[in-house]
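Commentary on secondary and tertiary structure
The chain contents come next:
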Amino acid sequence: MICLEPEVEETIAAELAPLTPGAVLRAQLGGAQVLDTRSPEEFAAGHLFGSINIALTGRFTRWAKTLLSPDRPVVLVCAPGSEREAAELLERAGLQSVVGYLNGGIEAVKDLVALVRHPARITSTLLRRRLSRGPVSLIDVRDESEWRRDAIPGSVNVPLEHLRERLTKIPEGPIVVYCRTGERSSTAASLLEQTGRMNVVDLVGGIAAWSEAA
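Residues numbered from 1 in each chain as written. Predicted model: local features only at pLDDT ≥ 70, side-chain atom pairs only at ≥ 80, totals over all residues. Heavy atoms only, no water.

1. What to know about the packing of aromatic side chains
Evaluation of the coordinates by the stated rule reveals zero aromatic pairs. A cation over an aromatic ring shows up here: R62 above the ring of W63, its NZ or CZ 4.2 Å from the ring centre. If you follow R128 out to its NZ or CZ, it ends over the ring of W210, 3.7 Å from the centre. (Phe/Tyr/Trp six-rings, centres within 6.5 Å; stacked < 30°, edge-to-face > 60°. Lys NZ or Arg CZ within 6 Å of the ring centre and 35° of its normal.)

2. Quick word on the side chain of S51
Structurally, S51 can be placed in the loop between β3 (47–48) and β4 (52–53). A polar atom in the side chain of S51 sits 2.6 Å from the backbone oxygen of L48. Contact partners of S51, with chain neighbours within four places excluded, come to Q28, V34, D36, F43, S190, E193 and Q194. (Helix = DSSP H or I, 4+ residues; strand = E, 2+ residues; numbered from the N terminus. Polar contact = N/O pair within 3.5 Å; in protein donor to acceptor, adjacent residues only side chain to side chain. Contact = heavy atoms within 4.5 Å.)

3. Focus on the confidence of the model for the protein
On average, residues of the protein score 92 in pLDDT, and 93% of them are at 70 or above. Per-residue pLDDT stays below 50 along residues 1–14; that stretch engages in 14 contacts with residues further than four places along the chain or on separate chains. (pLDDT = per-residue confidence, 0-100.)

4. Quick word on the pattern of salt bridges
Applying the stated criterion across every chain yields a total of 10 salt bridges. R92 is paired through a salt bridge with E88; the nearest N and O atoms lie 2.7 Å apart. With R92 and E88 both in helix α5 (residues 83–92) and four residues apart, this pair spans about one turn of that helix. One salt bridge in this structure joins K110 and E107, with 3.6 Å as the shortest N-O distance. Residue class for K110 comes out partly exposed when judged on its relative accessible area of 48%. With relative accessibility at 52%, the residue E107 sits in the exposed group. In this structure, a network of salt bridges that share partners links the residues E41, R121 and D202. (Salt bridge = Lys/Arg side-chain N within 4 Å of Asp/Glu carboxyl O. Buried < 20%, exposed > 50% of the residue type's maximum accessible area, 1.4 Å probe, protein only.)

The structure is reproduced here in structure tokens:
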């Protein structure tokens, strides 16, 4: 957890508004980006349709700066209590258009039809069993250098930062996405969901878990 300077914390507290579920959905319909900063496990268990998952971890600032538009407002969905930290990190990334956060977190929308449970998740053990029965479309969203160093055989490399521009490289039908530990692949799955793809499976623990299970 990052400790903010008192004056920064006061500024964020004054500007960061708690929003009702209705206000969040209206903002989304008006073009706002809904950023869900929870873990991949929590995101897959239920999130607002069309939101992007960037977990509030060490690479949060990098991916927020790379994948979010600085010209569109941002609405946060966070684990309660982490909203200010997320807003401060976004400001450091040059994204100063955070209009508020979902008050009460995802629990506030648990009964809405806009809440989806996606992506499906698969363990390394189950994926190995599935691969033993025939080929599966595997998308590695790590950097190319990582993929060349150690990859699941038969995978195609589409780095996360280039995913939107390389959508034509994503095959039709069900796909399994993976990265090193599962954070980038969850983000990738959320980006693919925005294009209407709901046939995406996320490898739990990424290639790190795959290698350990070998």
